[in-house]
Amino acid sequence: MKPTEMPVVQTAGLTKVFKDFWRRDRVIAVDSLNLEVRRGEVFGLLGPNGSGKSTTIKMLLGLLYPTRGRISVFGKPPTDVAVKARIGFLPEESFLYRFLNARETLDLYGRLFEQHTRQRRERIEKLLDMVGLTAEATRRIGEYSKGMARRIGLAQALINDPEFLILDEPTAGLDPIGIRQIKDVIRELSRKGKTILLSSHLLADVEDVCDRITILYGGRERSTGDITDLLSREDRTQFITDKLTPETVDTVRTLLHESAGKNILSVGAPSDRLETYFMQTIEKAEKTNARSSGARRSGALPDFLGATAPPNVIEHLVSEADRKPPPSTAELLEIRPRQEARSKSEAVIEHLTQPKPAPPERTEAQTPVVPEKQDASEADRSIIDALMQKKKDADDG
Amino acid sequence: MGRIWAIARQTIAESLRMKIALVFIAFILVLVVGLPFALRKEDSVSSAVQTFLSFSIGGVEFFLSLLAIFLSRSLSEEVAGGQILTLMAKPIPRWQFVVGKWLGIVVLVGALLGTSGAAIYGTARWMATRPPRDEFDQLRLRDEILTARHAVPITPIDFSETAERLFNERLESGAYEDVIEKLDKKKEKARLRKDAEQRYRTLFPLESRVFDFENVRCDRSPDRTIQLRYKAEVWAYPMDEVLRAEWFVGNPDLGTPLYQLQRRDVINRYHSLFVPANAVAPDRSLRAQLYNRNPFEGEPQYGNTISFTSFGDIEVLFTVGTFGGNLARQLTMVMCKLVLLAAFAVMTVCVFSFPVACLVSFAFLALATMSGFLNDSLIHFEDEGVYWAFKKFAELLYTVAFFVIPDFSKYDGTSMLVNGRNVTLRWVLTAISNLGLGTIGIGLAACLMFQRREVAETSF
């Protein structure tokens, strides 16, 4: 992620006006948008329904032509066919052929990249495995649930090992496993050096994976920046420790009050995220081999993705995880944050020890104190996971 | 090419799995296989085969034309259904996508046409094995239907010399004396020439006439036949519907046998005389002489005058090819039309939604097929009073429309095929080049239109 490099996407004064039959302006879908997606980042395009996210994406792909303004994708106009060989696109709905089965669908898209038969077949199998649809690969897509179709949509977007992935509402219509999986894929691809543009109105998803975001409303850019900068609460500090007795809490409270003149705003047991809990429940069910005609829990990200990307620090961690025989997504998740967590949590603690400006006094006891900072929150979650694990062990023991 | 073929494959798979093509295949099957059983048994085999060929070829062409139009639905469906978004985000140039769609339609329609052609051939051959009604039926089937014959018209005779001679005679005899100052010599000679020609086509009782043919390039072996085909009128009092006369075919001066054929024919209908092919002279000329005399013993001589409406009413036919080859050439012309129609249908879906595109394509097909008929009806349209303006407007419309729309009837060899006439290679090549050029033009327009289209915009 070198900011000096040419951005993957750059738009200047991008405007799209939809006209009616008589060529009169009907609606301004995108208005003077200046967008910049840098190489290697996960960029979020946020906004309520009808704010121009999809229109912008369609213009980036040359599916709509801008009324005014300029777009460059990899320094070329978006209609350039060569550019499209480097892009993967998942449209807002999985627009697939109902009469083809999953394998044929991927085969069709693979052929459009003029891939060799062997490479195409190999990739198709790996992608089917990744999205957990190998067992359903010969069923027609018309019989698929929306979520299953979405998974095939994701697989087709990855068939060319794209440098730049455009995901329009990637989690729409997916079950929690699917959502979690898409987020995993985004994170893993990002680690492998891919640039990702993601549009969504599901803020939790964006928050979990994006580096930078732009918020659109009425076709206009309302806010842009690093998600950490935009969301960090510089006026709060959060501790997470092993379970403390009320006495210890009191002692800390007194200590804080005396040494720094600060009050603790809330104390309590952190609750697990519903997503984590849900994933654990499903994992248990799968271990008992419960029948399901739907999508299976998926395999690892295919190795062809990002095979040519330059190695980076985190890749090292991923490859270490990959070396273990077939790791499930959940396992990958468990491993990675923990390894990262050590340093992250140290950083948090360091952060805590730094003198801070005094926060304004608050009285509402329910105000969340968790800093809404992406990296930190991820670190927190792993700590929570670790704590939960310990607690479980203790309970079991 | 890989990308174009990927799109074509996809289009074919869609048409088969969405059962559009299957419906048409069923139609064609019923037509080709069922039709022979639906024909009346008491008909002669030759006319049954003719009816079968005419209907099956026409029907197959019609159904495949509809299929070509319906298959173009694939593209508009992709635009309406959003699949186009995923496709156009892939590195395939727009023109390759359009060509791929067209190719898919052409391959499928071509495969069906080929299969139907084979089925038509097989069925016709099978029908020909039925017991013939009589010897004539069998001969007709072999030499007039399941064959490919080339026709030679009579060698044109120059009557200007006769006209010149007549003119001079009349001038000398003083026939023009009263009008000599106003006499338009050219016009008068033309009139005389026409008279002479008409006279030549007319045989008074007991008169005989020689008709010569050149370039009869047939197999001259005596076991082969050539056909003398003619249609004559008879002027008689009392009215008579039967022509009684004698043909002498061959030229003993050039060393050929002379064949004598006694005829009793219904007038105003075509009749074919089968003559052994060795009647043709080594220099490929053929002489036929008609003698206006009742050759039948014991019948009275009628005072009939035989006349031919035009020299086109007499021709010589001989086999130059096989029925199979002829059928293949005719189907090639049908294919050329289908290829062009497919391009047009794809062009319309590049611009319009399917219902609109479908109507436009049907209109195109109807106009292209009925072009000749429309032209005729326009010529015969009343142009008095209020109709005048309408006729002018229709003519203008016709001129503009048929500048763009090809005349499909120009490339229809069905009637030739059914009558065992050779569908010439030259004709087929003309169809390929003309309709091919049209296809390229339409294809370019389609690519251009699709290039400009915003595929994510579905409000068309």
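Thresholds, definitions, all that
Residues numbered from 1 in each chain as written. Chains lettered and ligands numbered in written order. Predicted model: local features only at pLDDT ≥ 70, side-chain atom pairs only at ≥ 80, totals over all residues. Heavy atoms only, no water. Helix = DSSP H or I, 4+ residues; strand = E, 2+ residues; numbered from the N terminus. Contact = heavy atoms within 4.5 Å. Pairing = 2+ DSSP bridges. Axes fitted to C-alpha atoms, helices over the stretch in contact; angles between N-to-C directions. Buried < 20%, exposed > 50% of the residue type's maximum accessible area, 1.4 Å probe, protein only. Expected span 1.5 Å × (residues − 1). Arc of directions from axis to C-beta. Patch = residues over 30% accessible without salt bridge, like charges linked within 9 Å, V, L, I, M, F, W, Y side chains within 5 Å. Areas by Shrake-Rupley, 256 points an atom, 1.4 Å probe, with all protein chains shown as cover. Salt bridge = Lys/Arg side-chain N within 4 Å of Asp/Glu carboxyl O. Phe/Tyr/Trp six-rings, centres within 6.5 Å; stacked < 30°, edge-to-face > 60°. Lys NZ or Arg CZ within 6 Å of the ring centre and 35° of its normal. Buried area = accessible area lost by both parts, 1.4 Å probe.

Caption draft 1: Geometry of the overall build of chain B. The secondary structure content of chain B amounts to 14 helices and 11 strands. For chain B, long-range pairs separated by at least 24 residues make up 80% of all intrachain contacts whose partners lie at least 6 apart in sequence.

Caption draft 2: Highlighting the sheet that holds strand S4 (residues 225–230) of chain B. Residues and elements named next belong to chain B. Ordered in space as S1-S11-S4-S8, the 4 strands form an open sheet in which the pairing is antiparallel. One side of each edge strand has no neighbouring strand; the edge strands of this open sheet are strand S1 (147–153) and strand S8 (271–276). Adjacent strand axes in the sheet meet at a mean angle of 35 degrees, parallel and antiparallel pairs treated alike. One ladder, built from 6 bridges, connects S4 with S8; its direction is antiparallel. The residue bridging Ile226 from the neighbouring strand is Val275, located in S8.

Caption draft 3: Structural view of the environment of Arg151 of chain A. Residues and elements named next belong to chain A. Take Arg151: it is sitting in helix H5 (residues 146–158). For Arg151, a relative accessible area of 5% gives the class buried. As for Arg151 and Ile182, which are separated by 31 residues in sequence, their C-alpha atoms are 8.7 Å apart.

Caption draft 4: Structural view of the sheet that holds strand S10 (residues 305–307) of chain B. Residues and elements named next belong to chain B. Across the sheet, which stays open at both edges, the 3 strands sit in the order S2-S10-S5 with antiparallel pairing between neighbours. With one partner strand each, in any of the chains shown, strand S2 (202–203) and strand S5 (233–235) form the two edges of the open sheet. Bridge count between S2 and S10: 2 bridges; the pairing is antiparallel. The residue of S10 that forms the bridge with Leu203 is Ile306.

Caption draft 5: Spotlight on helix H4 (residues 117–130) of chain A. Residue and element names in this part refer to chain A. With 14 residues, H4 should reach 20 Å at 1.5 Å per residue; the first-to-last C-alpha distance of 20 Å fits that figure. The complete set of buried residues in H4 reads Arg120, Arg123, Ile124, Leu127, Leu128 and Met130. Looking straight down H4, one finds its buried side chains confined to an arc of 150 degrees; they lie on one side. Of the residues in H4, the exposed ones pointing more than 90 degrees away from the buried face are Arg118 and Arg121. Count one or two residues on from H4 and you reach Gly132, which has phi positive near 70 degrees.

Caption draft 6: Highlighting unusual backbone geometry. Not every positive phi belongs to a glycine, and Glu169 of chain A is a case in point at roughly 50 degrees. Along the polypeptide, Glu169 of chain A turns up in the loop between strand S7 (164–168) and helix H6 (176–191). Owing to a relative accessible area of 10%, Glu169 of chain A belongs among the buried residues under this scheme. In this structure, Asn215 of chain B takes a positive phi of about 55 degrees despite not being glycine.

Caption draft 7: How the structure looks around a nonpolar patch on the surface. Residue and element names in this part refer to chain B. A surface patch of nonpolar side chains, amounting to about 430 Å² of accessible area, comprises Leu29, Val33, Phe37 and Trp126. Considering each element in turn, the nonpolar patch owes the most residues, 3 residues, to helix H2 (residues 20–38). Following the sequence through the fold, Trp126 ends up in helix H6 (residues 94–128).

Caption draft 8: Here's a closer look at the packing of aromatic side chains. A full pass over the atoms with the stated rule returns 21 aromatic pairs over all chains. A network of ring pairs unites the aromatic residues Phe24, Phe27, Phe62, Phe63, Phe70, Phe354 and Phe362 of chain B as a single cluster. In this structure, Arg86 of chain A packs its charged tip against the face of Phe74 of chain A, placed 3.8 Å from the ring centre.

Caption draft 9: Representation of the environment of Leu90 of chain A in the model. Looking at the secondary structure, you find Leu90 of chain A in strand S6 (residues 87–90). Once residues within four sequence positions are removed from consideration, Leu90 of chain A is found in contact with Arg150, Gly153, Leu154, Gln156, Ala157, Ile166, Leu167, Asp168 and Pro170 of chain A.

Caption draft 10: Representation of the interface of chain A and chain B. Contacts between the two partners involve 29 residues from chain A, matched on the other side by 33 residues from chain B. At the boundary of chain A with chain B, total buried surface from both sides reaches about 2,900 Å², with 61% on carbon and sulfur atoms. Here chain A is connected to chain B by 4 salt bridges. Note that Arg9 of chain B is salt-bridged to Asp107 of chain A, the shortest N-O span being 3.7 Å. If you list the elements that add at least two residues to the side of chain A that touches chain B, you get strand S1 (9–19), helix H2 (81–84) and helix H3 (102–112) of chain A. With 6 residues, the single largest contributor to the side of chain A that touches chain B is H3 of chain A.

Caption draft 11: Layout of the environment of Gly153 of chain A. Residue and element names in this part refer to chain A. Among the structural elements, Gly153 can be located in helix H5. Each C-alpha atom, one on Gly153 and one on Phe95, is 7.8 Å from the other, the two residues being 58 residues apart in sequence. Not counting residues up to four positions away in its chain, the partners in contact with Gly153 are Leu90 and Leu96.

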